Structures are given as C-alpha cells and as structure tokens.
Amino acid sequence: MRVRFAPSPTGVLHIGSARTALFNYLFAKKNKGTLILRVEDTDKERSQKIFEKDIKTNLKWLGLNWDEEYCQSKRTALYKKYLQQLLKKDLAYKQDGAVYFRTPTTGKVVVKDIIRGRVEFDAKDVDDFVIQKSDGGFVFHFVNVIDDWDMKISHVIRGEDHLSNTPKHILLFQALNAPIPEYAHIPLILNQDRSKMSKRTGDVNFGDYVAKGYLPEALINFLVQLGWSDPKGREFFSLKELITAFDLSRVQKAGAVFDLKYLNHVNHHYLAQLSPAAYYKLAKPYIPFKGAEVYHKKVLALLQERAEYLAQLPELMEFFYKISDYDKNLLVFKKSSPDQTITGLSTAIKVLSALSEKTWTEKRLQQILDETAGASGLMPGDIFWPIRVALSGLSGSPSPVELLNALGKKESIKRLELALKKLNG
C-alpha cells in the first residue's frame, strides 16, 4: 500500500488538508504501507517556501510523519519525457503555445470509488484540457498522474472536490498504459448551516487552532470524526488506537459538519487529563498577568477543568489578578434579599477576618462558613453566593472556598469589603 498527501504550498495548511493527511496516514499505517509527502509546487507564482514550512511543521506537530518526500519542481525532466510520448502518439497536441491532452469523444469513464461506489462520466463531456501551459509550466492534472504512476501510488485518498478531476486523470493513466490507483473521495467539510467550509465562510487555517491552544490529540480525534465513525461508538483514541480502528469503509458519503462546540468538548477532555506540571508548561505562554509562579499554578489548578482551549485562560484568569467591575444586584442570592445579603456578607467578613494566615485553608474555610451559616439562621446562599461574586465578579466561577484559598486572606477581605460597600452604597 502506497498513499500520498500532496499539498500545494500556495497557502498555509487548512483544516480540510489536515484531515486528508490524517486519513492517508491512518490508512498507510494500518496497512503497513508507505505515506509519501509530495509538495505540488508547479504553480511558480503562488508557491512559497514559507507555506511549505507551515504545512510540514503542522503535520509534524500532529504526529503525522511521512516515509518519503518529493517536490514536483525538481521532477521537470520526468514530466517532459512523458509529455513527448503523448505528443508522439498524437494523444496530445500543441495549440497557441500550450499542449492539450486529446480526450476520447465516445464511451464512459468509470471511477471505482471505495467510498462512493461506481461513478460514471460520459467521455464526450470531458473536453480536451491543457497539460502544459504556454510558459512551459506543467498543469496539475498531468504531473499528478505522472507522479502517482512513478511513485507507485496504490490508493488516492483525497477530498470530494477532486472527484470531477478524476475522469481526466483516469484518461491520462489509460493513455500512458499505466495502472490506475484505487480512489477514495472523502466528504467535504461543511459549516453549521451545511454550506461548504472555505476561507470566506469559516476559520479554516489550521495554525489558528494551534495558536489558540488546542492539543494535537484533540485535533486528531476531532478531524477523524469529520466523516468517519467508529463502529464501537468510541469518542477518544490515541493515535495508535486510531490506526487499528480506522477503516475507509466507515467513511460517510455525506458532508461532515464542523462543530466547534464539539471540538471544544474534545479539547477540554484532553486538557483536563494533563498533569499539573504539563498543564502549566502549555499554559504559561498564554498568561498575560504578572505574578509569582506559585500563584499562577494555584490559579491554573482551579481553571484546568474549565478551560476549553488555552487561549481562553486570560479571560478566565483575569479576576484572580484584578477586581472586576460588576452590578451590585449580582451579589444578591436569587432566593434572598439585599438586606439578608448584607447581613450574610458582614458576618462572613467578621469570621474570616478572625482566621489566621496559618488556618486559611480550604478545609477550615469550608468548615467555618458552614458553621456560620447554620448558627446565623441565614440560608447558605446568603453567605456563599455573595462571597463568590465579590471575589470573582461572576455568577459562574470556582467555588467560594476555592477562591478564598487561592486569593489569600488579605486580597479576599479587601474584595469582600468592597462588595459590602457596593451593597450599602
């Protein structure tokens, strides 16, 4: 088994290409075959080394290593050789400085697709097409076929948008008396509204997801499920497990919807599994706040279960480093009243102020606040709710006791007193 991932370095790696690379990688590894990276840089005007580097860097970041590598711009002599063969056989002709491939006018061109089954095209609908431009540059269709033949590609796994190109490629294979590889055209990636995902309609730049702090494990598990499903219904795989489970027969024909919420769910799963040390190492570049490392680690320990991707951390961490502005009405527990909230907050400040720094621990904080709520006749919400809001400025955050412990006595009392002042103002 020999497959290839053949990107054009005319832009950065995008989501669809990353998925194509992944499907080829899984197929090759499962069948103990060979994965080839073929850089299709025949477009001299648009191809750039910076894009080639981006593609390779992101593939390696995902763990998708290839076995062989080729660059089309270094294979011109081979293309010229086969071009001359077609011209000599009158299967190609020159016109206006360009060379055209002569297509048959009768019969059918049959694509035997592993995913889509038998797809037929009328040969008369495939017009003669350019294989060498007037400036001497070779066209995608021609070099694609020559390389697939020369590299002994057994299976071509690529996007559905290439299906319309396949009749041209099969006709070229036949003209060259070359074996035709097996084809598998994987479904398009769609937006939520089922429109085709593109640079104009979606965030397709793969590097953007890396920059936002999505993990390679998460992106691999998400990408593979864009068109493929596990027969056992499993959701999370290591790359090794995926190689065993993956099968082209499980790839769907219909378009695959890109669900960002699901990607966030998958990434959250992998972030939550990291050790504190590993999490801190990954999170550190995203921390914009000044502070001691020990404090950063304490804060991150509370947020590891909350962050869906690492670029969310500045927003989630902000209230640990500065007091947020918030509406004083947020301090009032929904089943209570402003007066009861004032009483609860005042009582909390009194008992918390009496605690020493040494006894300022989660266990002791929880104990004393529970006892205070029970002894005062107040509802727990009259004490715990305003503490949470006073410390974070948010209705949703880590627990009040976790916040008290992380912020420390001095900062906590300061924020609680400011909240009380808000209520009395």
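Up top you'll find the structure we're talking about.
Cut-off values and rules
Residues numbered from 1 in each chain as written. Predicted model: local features only at pLDDT ≥ 70, side-chain atom pairs only at ≥ 80, totals over all residues. Heavy atoms only, no water. Salt bridge = Lys/Arg side-chain N within 4 Å of Asp/Glu carboxyl O. Helix = DSSP H or I, 4+ residues; strand = E, 2+ residues; numbered from the N terminus. Buried < 20%, exposed > 50% of the residue type's maximum accessible area, 1.4 Å probe, protein only. Pairing = 2+ DSSP bridges. Axes fitted to C-alpha atoms, helices over the stretch in contact; angles between N-to-C directions. Contact = heavy atoms within 4.5 Å. Parallel < 35°, antiparallel > 145°, perpendicular 65-115°, else oblique. Left-handed = near helix turned anticlockwise from the far one by under 90°. Phe/Tyr/Trp six-rings, centres within 6.5 Å; stacked < 30°, edge-to-face > 60°.

Colleague: What should I look at first to understand the pattern of salt bridges in this one?
Modeller: Opposite charge on two side chains lets them pair, provided their charged atoms get close. Going through the model one piece at a time under the given rule, you end up with 22 salt bridges. Of the charged contacts, one joins Lys56 and Glu69 as a salt bridge, the two residues approaching to 2.5 Å between their closest N and O atoms. Placement of the pair is Lys56 in helix H2 (residues 49-62) and Glu69 in strand S3 (residues 68-71), with a sequence separation of 13 residues. Between Arg415 and Glu411 there is a salt bridge; the shortest N-O distance is 2.8 Å. Taken as a pair, Arg415 and Glu411 lie in helix H17 (residues 409-424) at a separation of four residues, close to a single helical turn. Arg415 gets classed as buried once you look at its relative accessible area, which sits at 2%. The class of Glu411 is partly exposed, set by a relative accessible area of 23%.

Colleague: Hey, could you run me through the sheet that holds strand S4 (residues 92-95) in this one?
Modeller: The strand order across the open sheet built from three strands is S4-S5-S8, with neighbouring strands paired in antiparallel fashion. Only two strands of the sheet have a single partner each, and these edge strands are S4 and strand S8 (129-132). The sheet shows a mean angle of 45° between the axes of neighbouring strands, direction not considered. In the sheet, S4 pairs with strand S5 (residues 98-101) via four bridges, with the strands oriented antiparallel. When the sheet's bridge partners are listed, Ala92 is paired in S5 with Phe101. Contacting S4, S5 and S8, helix H3 (residues 76-88) crosses the sheet at an angle of about 95° to S4.

Colleague: I would appreciate a short explanation of the packing of helix H14 (residues 362-376) against helix H16 (residues 400-407) in the present structure.
Modeller: For any two helices packed against each other, one specifies the crossing angle of their axes together with the interaxial distance. Two elements in contact, H14 and H16, have axes whose closest approach is 9 Å; the angle formed by their N-to-C orientations is 130°. Relative to H16, H14 is oriented oblique. In this structure, H14 meets H16 at a crossing whose hand is right-handed. Counted together, Glu362, Leu365, Gln366 and Leu369 of H14 and Val401, Glu402, Leu404 and Asn405 of H16 form the full contact between these two elements.

Colleague: Just checking my understanding: could you explain unusual backbone geometry for this structure?
Modeller: Peptide bonds are mostly trans, and most non-glycine residues show a negative phi. Its identity as a non-glycine residue notwithstanding, Asp90 has a phi of 60°, on the positive side. In the Ramachandran plot, Arg194 falls in the positive-phi region, its phi being about 70° despite a non-glycine side chain.

Colleague: I tried to follow the packing of aromatic side chains on my own but got confused; where do I start?
Modeller: Any pair of aromatic rings gets described here by the distance separating the centres and the angle formed by the planes. Tallying each qualifying case throughout the model produces 19 aromatic pairs. Summarising the aromatic geometry, the rings of Tyr93 and Tyr100 are spaced 5.6 Å apart at their centres and angled 10° between planes, so their arrangement reads as stacked. When the centroid spacing of 4.6 Å and the interplanar angle of 10° are considered together, the rings of Phe289 and Tyr321 count as stacked. Of this pair, Phe289 sits in the loop between helix H10 (276-283) and helix H11 (293-303) while Tyr321 sits in helix H12 (residues 313-321); the two residues are 32 residues apart in sequence, bridging distant segments of the chain. Among the aromatic residues, those joined into a ring-pair cluster are Tyr209, Tyr214, Phe222, Phe258, Tyr262 and Tyr309.

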